[in-house]
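Structural description and commentary
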Amino acid sequence: MAEVQLRLRDDEPVEDPAVTVDSFAAQTNANAVRIEPGDDARDLLPVLDRLKLVEVNFPAFTDGRGLSAARILREAGYAGELRAVGDVLVDQIAAMRRCGFDSFAPDVALDPEDARAALERWPQVYQAAADARAPIWKLRHG
Amino acid sequence: MYRYDPYDTAMVAARVAEFRDQTRRRLEGHLSEEQFRPLRLMNGLYLQLHAYMLRVAVPYGTLNSTQLRKLADIAERYDRGYGHFTTRQNIQYNWIRLEEAPDILAELASVEMHAIQTSGNCIRNISADQYAGAAGDELVDPRPYAELLRQWSSFHPEFTALPRKFKIAVIAAETDRAAMRLHDIGIRIVRNPAGELGCAVYVGGGMGRTPMIAPLIREFVPLDQIVTYCEACLRVYNRHGRRDNKFKARIKILVHELGAAEYTAQVEAEFAHLLTLGIEPPRAELERIKAHFPEPALDAGGEDGDPDRGDPDFALWLDTNTAPHKVKGHAIATISLKPVGGIPGDASAEQMRVIAELARRYSQDELRVTHAQNIVLPHVRKADLAAIWQALDAAGLGTANLDGIGDIIACPGLDYCSLANARSIPVAQRISEALSPRSAEIGELKLKISGCINACGHHHAGHIGILGVDRKGVENYQLLLGGSEGADCSLGQITGPGFDEDGIVAAVEKATALYLSRREAGERFLDTYRRIGMAPFKEALYG
Amino acid sequence: MVKILTGNDLRTGAVIWWTGRDWSLHVADAGDVGDHGDVIAATENAARRVVGAYVIDAVQDAEGLRPAHIKDRIRALGPTVRLDLSLKPADPAAGDWVI
Ligand code: SF4
């Protein structure tokens, strides 16, 4: 498994192995799950309180299903770690961050300088998402 | 028209800086082409046959003269002196150097323009009725709604890696001039029985390999929920759209496979959920944007009579290329970018400057790009039409052929496009030369040519459509009849075996001749085709 | 039939042809790459001297090298509808070569 390269939260990392969405409900002692692109993130909503780590796999950077999965979990109140794993490229992490990801375990390590620049790139945002940033329309109208 | 505030300026500047950085990383070898490709596409930069091609967004087709002058300057400084206006109301440059692309984006930003999301699997530039704000048959100006959606869709974090590209059109008139139902989402601004404005939403239209007319999935979305509703439509698509086959990845396939009712049910469930999150900009934001689109400051008290029709060429242009304006004494004038035998949609830097100056002097400093690859001066005094036409004519822009046989839509085809199977432009040029002399007699006839199945030339929606195919390495052309993009939206049917280049020109001549011999009073080509059906045309073509 | 290698210059986008040692703007300069095309393409892609390099078939005839597919003949010449911008601006019949 790729290493966590970037973690934007201060709690203790969960080291438990992530299980599949299908098996998570039955494995009552598990607290980490891994979402694949075809999985329905909403299947996890009944067991959210048990979850401490959700890994969302991006087998190919062109497949954006994990972005919706992440937002759905955050919208349902999930506050644990949300980790993007797989083919995670530096030019995507700003958008991933906005969808609620707060840790990144890319297959190929990101250039730290590029990653920092990417996360600081956008002065504002146009739309509400899963992060706390106020959209431009809110700044315009208070 | 909409003007950037400091927030918009900062966002576009950040995008330019981002792309400059990405280009640097590509040139220094930190990004592979595979990784760079989606990034450059999100900034409208393609690799085409002869060079890089840059597609610049013209949001909902609206430009001012300063912007068009900048587009002319870019054509001269960074390209080869011309640009190509596209069927999505954008402009493309064909000879761009990668190393200069970030500078071009910076030049565009200086006049509040960009190339954001003009390609790639994301929400593309939003198109609208080219007569918006000027047409008598519209409920309201649709552009503020398009601008609201433009901002919402710009850098939308959840929708940056959709299964496929995603196109939205907004109209507010009875007559659909934007081929709204051939978009992934088509929005028509309507009034409900209580008199409130809202949106009728159509989802799942498109052209390409599997053309479909979008079904209505909701009759009325209140205006202050439209962003949320679009977000729901997109989320269902992002999660469930097909990713196993590029040719089945558009939302039209999802809607078709699920069925409109099931897709709608899923959207409604998502919509109900999203409504609880407060993601909709407040009414005040819509009002702020609307204030940028005031009623044009036109004097309704002037003469309403037609200008002097003494010059027959001018009179013809007046009849074909101008449309009624909602304000008395004014007209909407369309500048044809289809000179007889010319390249559809191309304009030289010099011509762009002429058009910009006319817009500044005579049209409230406003211009529109149409999906038929022409340019509109939306607000002109009838009294100025003669002077406008003279200036256009002197610049080779005075062709009187709007919606006629010479007003051909043609995609770049194999002369420029790396996906093409056959050339489109030479076919358009030959048909234009052969049939333009009879244009007045033929009347309205919309002819559309695509160089491959991707259908950028909208061939499915042409009264006559032509599709270029590759037959064992030789260019071949299929003929379609009976398509239409408007309120009477329909998809063209293939006549039969394809033709070579000479053959397709002859086939169009035959089809037109049959129409002329069989038409009844007042019938357009399309009407005659619909009345008599395909059989007589087949007989004329292959019998 | 010979195999030749073509692509676009990474920086400028210009159509280029592998001569055997270097890249040229003119298809006439292209050299037969035999079975080595993919290896050269990979090296040159990695060296960022070319983007999207690929091997094509071409025929050697009286006028020189002629790519087997029309798309590459148009790439070799330029847009047939703007011969003024092509590599043969002075030859009004240049377009006939691509057909
Ligand atoms: S229809 Fe095909 S050939 Fe024409 S521009 Fe689109 S992709 Fe290129």
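Residues numbered from 1 in each chain as written. Chains lettered and ligands numbered in written order. Predicted model: local features only at pLDDT ≥ 70, side-chain atom pairs only at ≥ 80, totals over all residues. Heavy atoms only, no water.

1. What to know about the overall build of chain A
Our working definition: Numbering of helices and strands starts at the N terminus; helices are DSSP runs of H or I of at least 4 residues and strands are runs of E of at least 2. For every residue, the accessible area obtained with a 1.4 Å probe (protein chains only) is divided by the maximum for its type, and the residue is called buried under 20%, exposed over 50%, and partly exposed between those limits. Residue contacts follow a heavy-atom distance rule, with two residues in contact if any of their heavy atoms lie within 4.5 Å. Here, Shrake-Rupley sampling with a 1.4 Å probe gives the accessible areas, and only protein chains in the shown set may cover a residue. Asp and Glu count as negative and Lys and Arg as positive, but His and the ends of the chain are not part of the count. Where a charge sits is defined by one atom per residue type, namely NZ (Lys), CZ (Arg), CG (Asp) or CD (Glu).
A count of helices and strands for chain A gives five helices and six strands. In chain A, the succession of α and β elements from N to C terminus is β-β-α-β-β-α-β-α-β-α-α. With respect to the principal axes defined by its C-alpha atoms, chain A has extents near 45 × 35 × 30 Å. Evaluated residue by residue, chain A yields a buried proportion of 54% over its 142 residues. Considering only residue pairs separated by 6 or more positions, chain A has 52% of its internal contacts joining residues 24 or more positions apart. Total accessible area computed for chain A in this model is approximately 6300 Å², and 50% of it derives from carbon and sulfur atoms. For chain A, the separation between the mean place of its 17 positive charges and that of its 25 negative charges on side chains is 8 Å.

2. Some thoughts on the interface of chain C and chain B
Just so we agree on the cut-off: Note on definitions: buried area is the accessible-area loss of two parts on being combined, 1.4 Å probe, summed for both. A pair is scored as a salt bridge if a Lys or Arg side-chain nitrogen falls within 4 Å of a carboxyl oxygen belonging to Asp or Glu. Whenever a nitrogen or oxygen atom comes within 3.5 Å of another N or O atom, the pair is scored as a polar contact, on the condition that within protein one atom can donate a hydrogen and the other can accept it, and that pairs from neighbouring residues in sequence are kept only if both atoms are in side chains. Note on residue classes: Ala, Val, Leu, Ile, Met, Phe, Trp, Tyr, Cys and Pro are nonpolar, Asp, Glu, Lys and Arg are charged, and everything else, Gly too, is polar.
Taken together, the contacts link 23 residues of chain C with 31 residues of chain B. Regarding the contact of chain C and chain B, the summed buried area is about 2300 Å², with carbon and sulfur atoms giving 59% of it. Where chain C touches chain B, the interface holds one salt bridge. One salt bridge in this structure joins B:E99 and C:R11, with 3.3 Å as the shortest N-O distance. The interface formed by chain C and chain B includes 10 residue pairs in polar contact (both at pLDDT 80 or more). Ranked by the residues each element gives to the side of chain C that touches chain B, the list is headed by helix α2 (residues 70-77) of chain C, at four residues. Counted by class, the side of chain C that touches chain B contains 11 nonpolar, six polar and six charged residues.

3. Digging into the domain arrangement of chain B
Residue and element names in this part refer to chain B. We apply this condition: Domain extents, as shown, originate in an automatic or database domain assignment.
Taken domain by domain, chain B holds domain 1 (6-109), domain 2 (135-290), domain 3 (312-394) and domain 4 (409-542). Computed over C-alpha atoms, the centres of domain 3 and domain 4 are 26 Å apart. Between domain 3 and domain 4, the residue contacts involve 10 residues of the former and 11 residues of the latter. In this assembly, domain 3 packs against domain 4 so that about 830 Å² is buried in total across both faces, 60% of it on carbon and sulfur atoms. Scanning the region where domain 3 abuts domain 4 turns up zero salt bridges. Joining domain 3 to domain 4, the criterion identifies four residue pairs in polar contact (both at pLDDT 80 or more).

4. Details of the interface of chain B and chain A
With 47 residues of chain B at the contact, the number on the chain A side is 34 residues. Both faces considered, chain B and chain A share a buried interface measuring about 3500 Å² in area, 58% of it formed by carbon and sulfur atoms. When the buried area of chain B at its contact with chain A is split by residue, B:Y7, B:P157 and B:R239 rank highest and sum to 21% of it. Where A:R140 meets B:D8, a salt bridge forms, and the shortest distance between an N and an O atom there is 3.0 Å. In this assembly, chain B and chain A are joined by 23 residue pairs in polar contact (both at pLDDT 80 or more). At the level of secondary structure, the elements contributing two or more residues to the side of chain B that touches chain A comprise α1 (6-28), α2 (33-41), α5 (143-153), α6 (226-240), α8 (260-275) and α9 (283-290) of chain B. When residues of the side of chain B that touches chain A are assigned to their parent elements, the largest contribution, 12 residues, is made by α1(B). Residues belonging to the side of chain B that touches chain A are distributed by class as follows: 20 nonpolar, nine polar and 18 charged.

5. Things to note about the packing of aromatic side chains
Aromatic ring pairs are reported here in terms of the distance separating the ring centres and the angle at which the planes meet. All names here are of chain B. What counts is decided by this rule: When two rings of Phe, Tyr or Trp (its six-membered ring) have centres within 6.5 Å they constitute a pair, described as stacked for plane angles under 30 degrees, edge-to-face for angles over 60, and tilted for the intermediate range.
With the rule as written, the count across this model stands at 14 aromatic pairs over all chains. Arranged with centres 5.5 Å apart and planes meeting at 45 degrees, the rings of F166 and Y237 form a pair that is tilted. With a gap of 71 residues between them, F166 in the loop between α5 and β7 (168-171) and Y237 in helix α6 connect regions that are remote in the sequence. Per residue, the accessibility class of F166 equals that of Y237, and both read buried. Within the aromatic cluster, the residues linked to one another by ring pairs are Y515, F525, Y529 and F537.

6. Here we look at the sheet that holds strand β16 (residues 409-410) of chain B
Residue and element names in this part refer to chain B. Using the following cut-off: The pairing criterion for strands is at least two bridges between them, as found by DSSP.
What the five strands build is an open sheet, ordered β16-β17-β18-β19-β20; its pairing is mixed. Single-partner strands in this sheet number two, and they are β16 and β20 (493-494). Where strand β18 (residues 464-471) lies against strand β19 (residues 474-481), eight bridges are found, and the strand directions are antiparallel. Bridge pairing links G465 to L480 in β19.

7. Thoughts on the packing of helix α16 (residues 525-532) of chain B against helix α17 (residues 534-542) of chain B
Residues and elements named next belong to chain B. Heads up, the rule is: In this description, a line fitted to the C-alpha atoms serves as the axis of each element, helices being fitted only across the stretch in contact, and the angle between N-to-C directions of two axes falls anywhere from 0 to 180 degrees. Small angles under 35 degrees read as roughly parallel and large ones over 145 as roughly antiparallel, with 65 to 115 read as roughly perpendicular and the rest as oblique.
Axis separation between α16 and α17 bottoms out at 6 Å; the angle between their running directions is 105 degrees. Classified by the angle between their axes, α16 and α17 sit roughly perpendicular to one another. On the side of α16, the interface is formed by F525, Y529 and I532, while α17 contributes M534, P536 and F537. Broken down by class, the residue content of the contact of α16 with α17 amounts to six nonpolar, no polar and no charged.

8. Some points on the sheet that holds strand β11 (residues 322-324) of chain B
Within a sheet, neighbouring strands are paired by backbone hydrogen bonds and run either parallel or antiparallel to one another. Residue and element names in this part refer to chain B. Strand order across the open sheet formed by five strands is β3-β14-β15-β12-β11, with antiparallel pairing between neighbours. At either end of the open sheet lies a strand with only one pairing partner, and these are β3 (62-64) and β11. Geometrically, the sheet is characterised by an average inter-axis angle of 30 degrees between neighbouring strands, direction not taken into account. Bridge analysis of strand β12 (residues 330-335) against strand β15 (residues 375-381) gives five bridges, and the strand direction is antiparallel. Each residue of the ladder has a partner; that of A333, found in β15, is L377. Helix-sheet contacts for helix α12 (residues 385-394) involve β11, β12 and β15, and the interaxial angle to β15 is about 150 degrees.

9. Concerning unusual backbone geometry
Residues and elements named next belong to chain B. Here E112, not a glycine, exhibits a phi torsion of approximately 60 degrees, which is positive. The topology assignment puts E112 in the loop between α4 (101-109) and β6 (127-128). Despite not being glycine, Q117 has its phi angle at roughly 55 degrees, a positive value. Mapped onto the elements, Q117 comes out in the loop between α4 and β6.

10. Overview of the nonpolar core
For soluble globular proteins, the rule of thumb is that nonpolar side chains tend to be buried together. Selection rule: Among buried residues, those of type Ala, Val, Leu, Ile, Met, Phe, Trp, Tyr and Cys that are joined through side-chain atoms within 4.5 Å constitute a nonpolar core.
Counting residues in hydrophobic clusters, the biggest one holds 60 residues, and the most contacted among them are B:L68, B:L71, B:W317 and B:L377. The leading source of residues in this core is helix α11 (residues 349-362) of chain B, at seven residues. Residues from two domains meet in this core; each of domain 1 (6-109) and domain 3 (312-394) of chain B gives at least three. Not counting chain neighbours up to four residues away, the residues in contact with B:W317 comprise B:T322, B:A333, B:T334, B:L385, B:I388, B:W389, B:L392, B:G398, B:T399 and B:A400. In terms of nonpolar packing, the next biggest core, distinct from the first, is built from 59 residues, A:W137, B:I116, B:A146 and B:F159 among them.

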